[in-house]
Amino acid sequence: MINVNLDLVRKYDISAPRYTSYPTAVEFRDFATPAPLLAHLDRSNRDATLPLSLYFHLPFCETLCWFCGCTTVITLNHQSSDTYLDYLEKEVALLAPRVHRDRKVVQLHYGGGTPTFFQPPQLARLAALIRQHFSFAPEAELSVEVDPRRLSHAQVVALRESGFNRASLGVQDFNPQVQEAVHRIQPRAMTEQAINWLRAEGFTSLNLDLIYGLPYQTVASFTDTLEQVLELNPDRLAVFSYAHVPWMKPAQKILERESALPPPETKLAMLKLITETLTSRGYVYIGMDHFAKATDELAVAQAARTLQRNFQGYSTRAGTEILAFGISAISQTPHSYRQNHKTLEPYYAALDRGEVPALRGRELSEEDARRRDIIMRVMCHLQLDYAALSREFGFDFAARYATELARLAPLAADGLVEISAGGVRVTELGRLFLRNIAVCFDAYYAPESKRHSRTV
Ligand code: SF4
């Protein structure tokens, strides 16, 4: 079990990136045309063995949850998804010919929004589109984000028939007062039914998403939610700290009513409760709010050092190139990021012109790519092996990054990392502070910046 020292949590509560990319999305810039970014896709495509990870952003939701920070389109009109599929077809038709047919998809993820806004025939149409253009590795992992409020048994069957084997279910909290306050009524029976359907159809890894820091939550109420969640026996849990950013997401302002948002000290106590409860009940703390059973592939991949961090969080498939479709989706090559338009209108307009719908992104220098490698090793492998890094980079790692390594000394004094002649190892306690460790290697980090969320 990890014992959480709240004095250390207060000390290290800084505003820092979550490192789903490096450089982070705030360093992306607008391009006049997508051509320079697409050149990176063409370059990496010369390697026909480079595996692919596909992401489809399915943005529609029937109602808005007031805490939501995702890119969504709120509508009750289900024909919207037919139109959206028409445009996904155009986007796939533009990009798939640039991908060597021998390259194998090892991972496919539907995120949102609410992917289960799509009805069974639409889910089947999307799967057929993808399989028409890409070939899958036999052991590919296919995962989908599920809203138990918008799920039918027929959708589970359609997803399973398309090869999906993993699902992540949004729960947030089981307390009815909290659910009402955040505009997301989801009785436990609904979540249980979704889990039963998914398990019965053969989904092998189920993740539940929870959020702490929502209105009316207390340590006692969240203890009850955690106990109920543990009864459902998920393979993984992601327990996020609610990020209150009403200047970016105006609907969040509603949550300020009645002053029911828990104060920072209550959030700290909830963080301690979550970490200590889950790590004492058979879950490994992967890092960055993610927990997994020791037998789950996420924990196995971390132990085997094949874990990867990307815009979907942690992923079990390392060394892949990410090809992402739909609004706001971010693609990744070894030396670039490319983000699609964030709203429907410009996304549709670009595709109507026959253009790839992305004008924003980032090209990585060799130094950026090296620092990304270092930061991802901290976030995923929880260690830096100087000899291995020196071999890979072709120079003495410890000598070149002596300034960055010196920044770790106070963290070592607080027990977050252990530094030896051969490298750096993140301790059990240090898993709570991965951002603080990674930030030491971030060449763009400005400590006074408020552009990133805080640790708690
Ligand atoms: S269902 Fe998910 S994506 Fe849609 S509004 Fe709620 S939290 Fe946001």
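Residues numbered from 1 in each chain as written. Predicted model: local features only at pLDDT ≥ 70, side-chain atom pairs only at ≥ 80, totals over all residues.

Caption draft 1: Just the overall build of the protein chain, in detail. Of the regular secondary structure elements, the protein chain holds 17 helices and 20 strands. Since a compact globule built from 456 residues should have a radius of gyration of about 23 Å, the 22 Å found for the protein chain is in line with a globular shape. C-alpha extents for the protein chain along the principal axes are approximately 55 × 55 × 40 Å. Summarising the internal contacts of the protein chain: among those between residues at least 6 apart in sequence, 74% fall at separations of at least 24. (Helix = DSSP H or I, 4+ residues; strand = E, 2+ residues; numbered from the N terminus. Rg over C-alpha atoms; globule rule 2.2 N^0.38 Å. Contact = placed C-beta atoms within 7 Å.)

Caption draft 2: View of the site of the ligand. Taken together, the neighbourhood of the ligand is formed by Cys61, Leu64, Cys65, Cys68, Cys70, Thr72, Gly112, Gly113, Thr114, Asp147 and Gly170. Its residues assigned to classes, the shell around the ligand shows five nonpolar, five polar and one charged. (Near = placed C-beta within 6 Å. Nonpolar A, V, L, I, M, F, W, Y, C, P; charged D, E, K, R; others polar.)

Caption draft 3: View of the packing of helix 3 (residues 79–95) against helix 11 (residues 344–352). Interaxial distance between helix 3 and helix 11 falls to 10 Å at its minimum, and their mutual angle equals 50°. Between helix 3 and helix 11, the angle falls in the class oblique. As for the relative orientation of helix 3 and helix 11, their crossing is left-handed in sense. Contacts between helix 3 and helix 11 involve Tyr87, Lys90 and Glu91 from the first element and Tyr347, Tyr348 and Leu351 from the second. Within the contact of helix 3 with helix 11, the residues separate by chemical class into four nonpolar, no polar and two charged. (Axes fitted to C-alpha atoms, helices over the stretch in contact; angles between N-to-C directions. Parallel < 35°, antiparallel > 145°, perpendicular 65-115°, else oblique. Left-handed = near helix turned anticlockwise from the far one by under 90°.)

Caption draft 4: Main features of the sheet that holds strand 18 (residues 383–385). Spatially, 18-20-19 is the arrangement adopted by the three strands of the open sheet, whose pairing is antiparallel. Edge positions in the sheet fall to strand 18 and strand 19 (417–419), since each of these pairs with one other strand and no more. Between one strand axis and the next, the sheet turns through 15° on average, direction left out of account. Judged from the three bridges that link them, strand 18 and strand 20 (residues 423–426) form a sheet pairing that is antiparallel. Paired with Asp385 across the two strands is Gly423, which belongs to strand 20. Helix 12 (residues 366–381) rests against strand 18 and strand 20 of the sheet, and its axis sits at about 130° to strand 18. Against the sheet, helix 13 (residues 386–393) engages strand 18 and strand 20, with an angle of about 60° to strand 18. (Pairing = 2+ DSSP bridges.)

Caption draft 5: Expanded view of the nonpolar core. If you look at the biggest cluster of nonpolar residues, it comprises 112 residues, and the most contacted ones within it are Val378, Ile437 and Ala438. Counting residues domain by domain, this core receives three or more from each of domain 1 (1–23 + 366–456) and domain 2 (27–363). (Core = buried A, V, L, I, M, F, W, Y, C linked by C-beta atoms within 7 Å. Buried ≥ 20, exposed ≤ 12 C-beta atoms within 10 Å, placed from the backbone. Domains from an automatic or database assignment.)

Caption draft 6: Structural detail: helix 5 (residues 153–161). Along helix 5, the positions that sit buried rather than exposed are Gln155, Val156, Ala158 and Leu159. For helix 5, the arc enclosing every buried residue in end-on projection is 160°, short of the 170-degree limit, so these residues lie on one face. In this structure, the buried side of helix 5 is in contact with helix 4 (120–133), strand 6 (135–146) and helix 7 (188–200). One or two residues past the end of helix 5 sits Gly163, with phi positive at roughly 100°. (Arc of directions from axis to C-beta.)

Caption draft 7: Region of the structure containing the packing of helix 4 against helix 5. Packing of helix 4 against helix 5 brings their axes to within 9 Å, and their N-to-C directions diverge by 10°. If you check the angle between helix 4 and helix 5, you find them roughly parallel. Together, Pro120, Leu123 and Ala124 of helix 4 and Ala154, Gln155, Ala158 and Leu159 of helix 5 make up the contact between the two elements. Per-class residue counts for the contact of helix 4 with helix 5 are six nonpolar, one polar and no charged.

Caption draft 8: Just the pairing of strand 14 (residues 321–325), in detail. Buried residues dominate strand 14, accounting for five of its five residues. One ladder, built from five bridges, connects strand 2 (residues 52–58) with strand 14; its direction is parallel. Across the sheet, residue Leu54 finds its bridge partner in strand 14, namely Leu323.

Caption draft 9: Fine view of helix 8 (residues 219–231). Spanning 13 residues, helix 8 covers 18 Å between terminal C-alpha atoms, matching the ideal 18 Å at 1.5 Å per step. Inspection of helix 8 places Phe222, Thr225, Leu226 and Val229 among the buried residues, and these make up the whole buried set. Viewed end-on, helix 8 has its buried residues packed into an arc of 100°, placing them on one side of the element. Residues of helix 8 that are exposed and point over 90 degrees away from its buried face: Ala220, Glu227 and Glu231. Where the residues of helix 8 are buried, they touch strand 7 (166–172), strand 8 (205–212) and helix 9 (264–280). Phi turns positive one or two residues past the end of helix 8, at Asn233, with a value near 60°. (Expected span 1.5 Å × (residues − 1).)

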